[in-house]
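# Examination of the molecular architecture
Here is what each chain is made of, one letter per residue.
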Amino acid sequence: MRFYVPEWDDAVDAHYDFEHDELSSLNRKERNLDYIWDIFDRETTPIDGVLISREQVEETDRKAERLAEYGVYDDPVLSVPDWLPTISDCGAWGYKSLPFPPYGNKDMLDFYETLEVSVGVTIDHLVLGSGKDKGRLYLDKRAFHEDFKKGDIPDSLSDVVDVMVDEWPEEWPDYVGEYEPSIRTEQTENITNFTASDFHGDIDVVLRRLAEDRRAVYRENDEKFRYELTLHNAEEMYDLYQNGDYPFRLMVAIQGWDPKSYIKAANKVLDLGYDYLGIGGVAGSPIHEVRKIVKGVGKTVKSFERENSTRVDSHVFGFAKTDGFETIGRSGMTSFDSASMLRSAWTGGDNYQLDSEERYDAIRIRYPSNTDSLDEAIEKSLRGREALVALRAYGSEYPLIEAIDKWHQKAEKVLPAAREYLQEHRHDPRYDKSLLREVESAFRNDFEYGRELQASFSDRLRSRIVVAAPERRSGGADSV
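Notes on the structure follow. (Residues numbered from 1 in each chain as written. Predicted model: local features only at pLDDT ≥ 70, side-chain atom pairs only at ≥ 80, totals over all residues. Heavy atoms only, no water.)

### Quick word on the sheet that holds strand β9 (residues 216-219)
- The three strands are arranged β8-β7-β9 in an open sheet whose pairing can be described as mixed. Both edges of this open sheet fall to β8 (162-166) and β9, since each of them pairs with a single strand only. Averaged over all adjacent pairs, the angle separating strand axes in this sheet is 15°, with direction ignored.
- Relative to β8, strand β7 (residues 136-140) runs parallel, the two being bridged by five bridges. If you follow Y138 over to β8, its bridge partner there is M164.
- Against the sheet, helix α8 (residues 222-243) touches β7 and β9, its axis set at about 75° to β7. (Pairing = 2+ DSSP bridges. Helix = DSSP H or I, 4+ residues; strand = E, 2+ residues; numbered from the N terminus. Axes fitted to C-alpha atoms, helices over the stretch in contact; angles between N-to-C directions. Contact = heavy atoms within 4.5 Å.)

In structure tokens form, the structure reads like this:
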């Protein structure tokens, strides 16, 4: 199986100062960022490809414009090596609380072509289960306001309907008009606010009224709608792809709610002509359910291959459970993606593994909470730094007591020196607190112990210390 890692801007500062826990530059644009494929070479990179979701690409305008100009392989920041295959999808988890995917099929095909990815994926819509009697109600977040919030929706309605609130796009794709012409809004239209009267009254009357409201979408069987929309997109995108001249391979994404529905979807898309199938919607599902779904789809694919003397590749999206790897491998899955292995590096226990089967706990020294008082934050920061000094001494087999004593001696110089420095420079124009980033840069570059303070304090706490002198000009040095 091939392992794809999702691209979530997981990059590190190539010139990070590990001794002082300090970034090479406070300005992200000035940092030399290294991704996992920059740190390892082709033979040792622990991934087989990269999954790039449109949701992540368009997280910022700057990133979207950059990738649209250069593509994923020539982008000066991302710079994926040409030997590493890429899959791009629409990022269905990002719009799961919207009534429709915010993209059109032709739009997505053009997006994949612009990014120059190896594989593009059809538009799917996560099949979300609902235990509510009357189905699901979607509401445009932009219509809520100070006088009527989501929490003001009466319990009599939310108890029987699954209410989904999210900010809708300013303009829906053209296909949405076929299903819900009442919500076809143009970018120039104003969104009127909800009022209490929109939700009060007989439940059935309220739902019928909202079904015709441009700020709402109501479905009694939303599960079936999402399932069928995903299959409809698969069929339409296949036709568009076949009639076009696209340089990437097209993968079909299927959704479902149980093994039977997934198998039915797999049969349908294979009959359409797809030779690359992706199983979506299993992230977060219990492992026993995922096993059943993967086994069922795997058998369906193998049967189709035998009957048609062809090869079909398959992918499992968001598969994060290592104890299920054997199952997806035996089922014939070609590849899977997951960010869990990276995320586990700084969450939970048993998250550090060497070449052996043994796992260890990675110890993380945390900064103080934002709710701590200044005195508490300073105390916790110094104690955390003390613990870090001890851990590093232990790792290098250096006497702990001696290491801590040396650090205490330095701290005894740093803190009084910081008070004196801030008092002396409290009127300097470069320390105008309205220019916080510039203040931090000037402080760490000009103050002798700026890096030591960076190593000991969180960004938020250090910022408070930096602006303390110009903020408290009448308080004297002791007020810091």
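Don't stop here, the text continues.
### Remarks on helix α13 (residues 374-395)
- For α13, which comprises 22 residues, the first-to-last C-alpha distance of 31 Å matches the rise-based estimate of 32 Å (1.5 Å per residue) to within 8%.
- Inspection of α13 places A377, S381, L382, G384, R385, E386, L388, V389, A390 and A393 among the buried residues, and these make up the whole buried set.
- Note on α13: the residue one or two positions beyond its end, E397, has a positive phi of about 60°. (Expected span 1.5 Å × (residues − 1). Buried < 20%, exposed > 50% of the residue type's maximum accessible area, 1.4 Å probe, protein only.)

### Notes on the nonpolar core
- Within the largest apolar cluster, 83 residues are counted, with the highest numbers of intra-cluster contacts made by W37, F100, L277, I279, V297 and V316.
- Residue contributions to this core peak at eight residues, all from α8.
- When sequence neighbours within four positions are dropped, the list of residues in contact with I279 reads I254, Y262, I293, V294, V297, H315, V316, F317 and M333.
- Formed by 18 residues, the second largest nonpolar core is a distinct cluster that contains A143, F144, V160 and F199. (Core = buried A, V, L, I, M, F, W, Y, C linked by side-chain atoms within 4.5 Å.)

### What about a positive patch on the surface?
- Judged by side-chain charge, K224, K260, K264 and K268 come together as a positively charged surface patch.
- On the secondary structure map, K264 appears in helix α9 (residues 259-272). (Patch = residues over 30% accessible without salt bridge, like charges linked within 9 Å, V, L, I, M, F, W, Y side chains within 5 Å. Areas by Shrake-Rupley, 256 points an atom, 1.4 Å probe, with all protein chains shown as cover. Salt bridge = Lys/Arg side-chain N within 4 Å of Asp/Glu carboxyl O. Lys, Arg positive; Asp, Glu negative; His and termini not counted. Charge placed at Lys NZ, Arg CZ, Asp CG, Glu CD.)

### Some thoughts on the pairing of strand β1 (residues 2-6)
- Burial analysis of β1 places four of its five residues in the buried class, which makes it a mostly covered element.
- With three bridges joining them, β1 and strand β4 (residues 49-53) adopt parallel strand pairing. Opposite V5, over in β4, you have V50 as the bridge partner.

### Description of helix α3 (residues 61-74)
- For α3, built from 14 residues, the straight-helix expectation of 20 Å at 1.5 Å per residue is met to within 8% by its first-to-last C-alpha distance of 18 Å.
- Residues of α3 that are buried: K63, R66, L67, G71, V72 and Y73.
- Contacts from the buried residues of α3 go to β4, α2 (54-57), β5 (86-89) and α4 (105-115).

### Regarding the pattern of salt bridges
- Enumeration over the complete set of coordinates arrives at 22 salt bridges.
- One salt bridge connects R54 with E58, and the closest N-O pair in it is separated by 2.8 Å.
- One salt-bridge network, in which partners are shared between bridges, spans R136, D162, R219, D222 and R226.

### Thoughts on the packing of aromatic side chains
- Applying the stated criterion to the full structure yields 21 aromatic pairs.
- With 6.3 Å between their ring centres and 80° between their planes, Y175 and Y179 make a pair best called edge-to-face.
- Taken together, the ring pairs connect F100, W168, W172, Y175, Y179 and F225 into an aromatic cluster.
- Between R54 and the ring centre of F111, over which it is positioned, the NZ or CZ distance is 4.7 Å.
- Sitting over the face of the ring of F225, R219 holds its NZ or CZ atom 3.7 Å from the ring centroid. (Phe/Tyr/Trp six-rings, centres within 6.5 Å; stacked < 30°, edge-to-face > 60°. Lys NZ or Arg CZ within 6 Å of the ring centre and 35° of its normal.)

### Notes on the sheet that holds strand β12 (residues 313-316)
- Pairing within the closed barrel is parallel, and its eight strands lie in the order β1-β4-β5-β6-β10-β11-β12-β13. The average angle at which neighbouring strand axes cross in this sheet is 25°, direction not considered.
- Contacting β6 (119-121) and β10 (249-254), α8 crosses the sheet at an angle of about 170° to β10.
- Relative to the sheet, α9 contacts β10 and β11 (276-279), its axis offset from that of β10 by approximately 150°.

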